[in-house]
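Summary of the model geometry
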Amino acid sequence: MNSKYQPGGEYLMKVVRQSAIGAFLDAGTGNTSDDILLHLAQQTASVEVGDVVPVSLYLDPQKRLAASMRLATLKEGEVGRMPVINVTKQGAFVSIGAERGVFLPFSEMRGRVMRGQTVWVKLYRDKTGRQAVTMKVEEELKAMSKPAAGARVGQEVTGWVYNDLDDGWLLFTEEGYIAFLHKDEAGGGMLKMGEEVKGRIAFIRPDGRINISRRPQKETAMGEDAEKIIGYLKGRQGRMPYGDATPPDIVREKFQLSKAAFKRALGRLLKEGTIRQEDGWTVLVAESGAEE
């Protein structure tokens, strides 16, 4: 293989001859058998002998260098959101806009990916010189990010998940902010890597990052949470052994609410006289005579 030209690289190359299947590009060796085929199927515009055209190189099924006029939209060292086009036993392949997909090893994944999923990746060359991508992009996105100095609490933002933590997810927003979404603020369900998330800014941190929430504003959320508790009580004949002292993990399991949201909703219902608490039990007043 001519060391001057490598698969995955992009070059300006001269058309030296044409054939029925495409054009041949000068490989610079002085040997016409080394010329690189630019197949008709890989031409995005017609070419003539003498033209100098930008191409990306890849290995064809016979491991020969071949050329395409479809250039990558992601360059080496860059980070971007790219679609997964195939998943195999060895890893996955991600499209970067060029003729061939680029390998994503299992060791470079965040979780597992599926075909059709769009994920954050960085393009690099592995130890063998082959192009590959990694989903471990925390440092790169940190360097690309900017502080949310001009943002305000309550502002709507859109971001895409790039890391899954024990208690939530990290996202990179279209404004360039790094955002944290706690699992209690996600509105239920698990998020996938690369998933688009719309939420509102709940807190602007001193370091310029933001915390976001997919839950409604507090007053609206409190009403919805209160309805959830009432529904649960009605399903238990108006009584439940849960209240202010219930551990957070049980609250989350039974009501899919944070302990703080649960206590706010209980407080509202108590204030309205909808419930009462006695001996560690919460009782729906309208059905206070009902048995457990």
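Everything here concerns the structure above.
What comes next is a walk through the structure. (Residues numbered from 1 in each chain as written. Predicted model: local features only at pLDDT ≥ 70, side-chain atom pairs only at ≥ 80, totals over all residues. Heavy atoms only, no water.)

Here's the deal with unusual backbone geometry
Let me state the cut-off plainly: Put simply, DSSP H or I for four residues or longer makes a helix, DSSP E for two residues or longer makes a strand, and each gets a number counted from the N terminus. With a 1.4 Å probe rolled over the protein chains alone, any residue whose accessible area is under 20% of its type maximum counts as buried; one over 50% counts as exposed, and the rest are partly exposed.
Phi at Lys 63 is positive, roughly 65 degrees, even though this residue is not glycine. Note on placement: Lys 63 falls in the loop between β4 (52–59) and β5 (65–68). Even without glycine at this site, Asp 279 takes up a positive phi of about 55 degrees. As for its position among the elements, Asp 279 is in the loop between β17 (275–278) and β18 (281–284). Assessed through its relative accessible area of 79%, Asp 279 is described here as exposed.

Some remarks on the pattern of salt bridges
Keep this limit in mind: Salt bridge, as used here, is a side-chain nitrogen of Lys or Arg placed within 4 Å of a carboxyl oxygen of Asp or Glu.
For the structure on display, the rule yields 16 salt bridges. Of the charged contacts, one joins Asp 60 and Arg 64 as a salt bridge, the two residues approaching to 2.9 Å between their closest N and O atoms. Salt-bridge contacts for Arg 205 lead to Asp 207; the nearest nitrogen and oxygen are separated by 2.8 Å. By relative accessible area, which is 29% here, Arg 205 ends up partly exposed.

Some points on the sheet that holds strand β11 (residues 156–164)
We count it as follows: Only strands that DSSP links by at least two bridges are regarded as paired with each other. The axes are straight lines fitted to the C-alpha atoms, using for helices just the contacting stretch, and the angles between their N-to-C directions are given from 0 to 180°.
One closed barrel holds the five strands; their spatial order is β11-β12-β13-β15-β14, and the pairing between them is mixed. Neighbouring strand axes in the sheet, compared pairwise and without regard to direction, differ in orientation by 55 degrees on average. As defined by bridge partners, strand β13 (residues 178–182) adjoins strand β15 (residues 210–213) across three bridges and the pair is classed as parallel. Across the sheet, the residue bridging to Leu 181 is Ile 212, located in β15.

Everything listed is a geometric property; what it means functionally is a separate question.
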